[in-house]
Amino acid sequence: MNELLDLATRAAASAADLLVQGWEQREVVATKSSQTDIVTQMDQGSEALLVSTILAERPDDAILGEEGGSRNGTTGVTWVIDPLDGTVNYLYGFPSWAVSVGVLIDDRPTVGVVHAPALGTVWRGIADDFAEANGRPIRCGRVTEVSAALVATGFGYDAQVRAVQGVQVAALLPQIRDIRRAGAAAVDMCWVAQGVVDAYFERGTHLWDRAGAMAICSGAGARVGGLLGDEPASNAMTVAANPALFETLCATLREVGVGSD
Ligand code: IPD
């Protein structure tokens, strides 16, 4: 496990360095689900570097990458990589963006590194074991009352989905301390692991947005799942919070219609 963490750390650091060095040259080269769901040449370069770094040492592992750099493997180990989570933030120079590397062992997010150069933070963790930020141990927060919770969230790229999410967040706001929308799901989840926010929820993330941060949340004692009971986190809904807050927060989110159309 430590070898996987070490490789994930080195791969994420090289990709983060590439993104920092190439920032002045960043250019939008494609759009995906909508006009505002963008890809820069730096997302693509970062993914190519991550894939080649990982395969040079682990040629038989599987890879799932946001920008299409995916392959099957034979070892039961899958590297789930987001070469640039928070691409819109990167484009604008808003500091919440990161390289996210998660390692699934038999489909479970087990090792994670989220490297956010503009925030000066590298989060690392192993599920059920430990989590750290810049080498210092972290734990999730202890708030148990929904009314006292600082909650991060994100919005989809589709305008109709955003309209619905706006109505739901408006209903949620009077019930919580406040909302934060910083623009990179992996960072939001690491902030839950570190107690910088109490909770996070979002509809429509992908496995590459959350795999690395899920291992880090687990290592920091935070619970990650879906909206209903023991449902796992999915593209439909991901909730992260400290275990004492998780159930009551999910009940509140369901009450205000989060997750529905
Ligand atoms: C996005 C960011 C954003 C979240 C979206 C993600 P990308 O990732 O994490 O905060 O709201 O769901 O798709 O597109 O910048 O890699």
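Here, every reference points to the structure presented above.
Report on the accompanying structure. (Residues numbered from 1 in each chain as written. Predicted model: local features only at pLDDT ≥ 70, side-chain atom pairs only at ≥ 80, totals over all residues. Heavy atoms only, no water.)

1. Some thoughts on the overall build of the protein chain
Part 1 of the reasoning: The secondary structure content of the protein chain amounts to seven helices and 14 strands.
Part 2 of the reasoning: For 261 residues, the compact-globule formula gives about 18 Å, and the C-alpha radius of gyration of the protein chain, at 17 Å, lands near that figure.
Part 3 of the reasoning: Its C-alpha atoms give the protein chain principal-axis dimensions of about 50 × 40 × 30 Å.
Part 4 of the reasoning: In the protein chain, which comprises 261 residues, the proportion classed as buried is 53%.
Part 5 of the reasoning: Intrachain contacts of the protein chain at a sequence separation of at least 6 include 60% that bridge at least 24 residues.
Part 6 of the reasoning: In the structure as shown, the protein chain presents an accessible area of about 11,200 Å², 51% of it carried by carbon and sulfur atoms.
Part 7 of the reasoning: Across the protein chain, the centroid of the 18 positively charged side chains sits 5 Å from that of the 32 negatively charged ones. (Helix = DSSP H or I, 4+ residues; strand = E, 2+ residues; numbered from the N terminus. Rg over C-alpha atoms; globule rule 2.2 N^0.38 Å. Buried < 20%, exposed > 50% of the residue type's maximum accessible area, 1.4 Å probe, protein only. Contact = heavy atoms within 4.5 Å. Areas by Shrake-Rupley, 256 points an atom, 1.4 Å probe, with all protein chains shown as cover. Lys, Arg positive; Asp, Glu negative; His and termini not counted. Charge placed at Lys NZ, Arg CZ, Asp CG, Glu CD.)

2. Structural notes on the sheet that holds strand β10 (residues 150–153)
In a beta sheet, neighbouring strands pair by backbone hydrogen bonds and run either parallel or antiparallel.
Part 1 of the reasoning: One open sheet holds the five strands; their spatial order is β11-β10-β12-β14-β13, and the pairing between them is mixed. Here the strands that pair on one side only, and so sit at the sheet edges, are β11 (178–180) and β13 (223–225). Taken pair by pair, the neighbouring strands of this sheet meet at an average axis angle of 20°, ignoring direction.
Part 2 of the reasoning: The pairing of β10 with strand β12 (residues 199–202) spans three bridges and is classified as parallel. Each bridged residue has a counterpart across the sheet, and for Ala152 the counterpart in β12 is Tyr200.
Part 3 of the reasoning: Contacting β12, β13 and β14 (238–241), helix α7 (residues 243–255) crosses the sheet at an angle of about 140° to β14. (Pairing = 2+ DSSP bridges. Axes fitted to C-alpha atoms, helices over the stretch in contact; angles between N-to-C directions.)

3. Brief notes about the packing of aromatic side chains
Part 1 of the reasoning: Counted according to the given criterion, the structure contains one aromatic pair.
Part 2 of the reasoning: On the basis of an interplanar angle of 85° and a centroid distance of 4.9 Å, the ring pair of Tyr90 and Trp97 is categorised as edge-to-face.
Part 3 of the reasoning: Taking the relative accessible area as the measure of exposure, Trp97 reaches 5% and is therefore buried.
Part 4 of the reasoning: Sitting over the face of the ring of Trp23, Arg26 holds its NZ or CZ atom 3.6 Å from the ring centroid. (Phe/Tyr/Trp six-rings, centres within 6.5 Å; stacked < 30°, edge-to-face > 60°. Lys NZ or Arg CZ within 6 Å of the ring centre and 35° of its normal.)

4. Quick notes on the side chain of Thr9
Part 1 of the reasoning: For Thr9, the location among the structural elements is in helix α1 (residues 2–21).
Part 2 of the reasoning: A distance of 2.6 Å separates a polar atom in the side chain of Thr9 from the backbone oxygen of Leu5.
Part 3 of the reasoning: If we ignore the near neighbours within four places in the chain, the residues touching Thr9 are Val113 and Arg124. (Polar contact = N/O pair within 3.5 Å; in protein donor to acceptor, adjacent residues only side chain to side chain.)

Function cannot be read off these values alone, since they describe shape.
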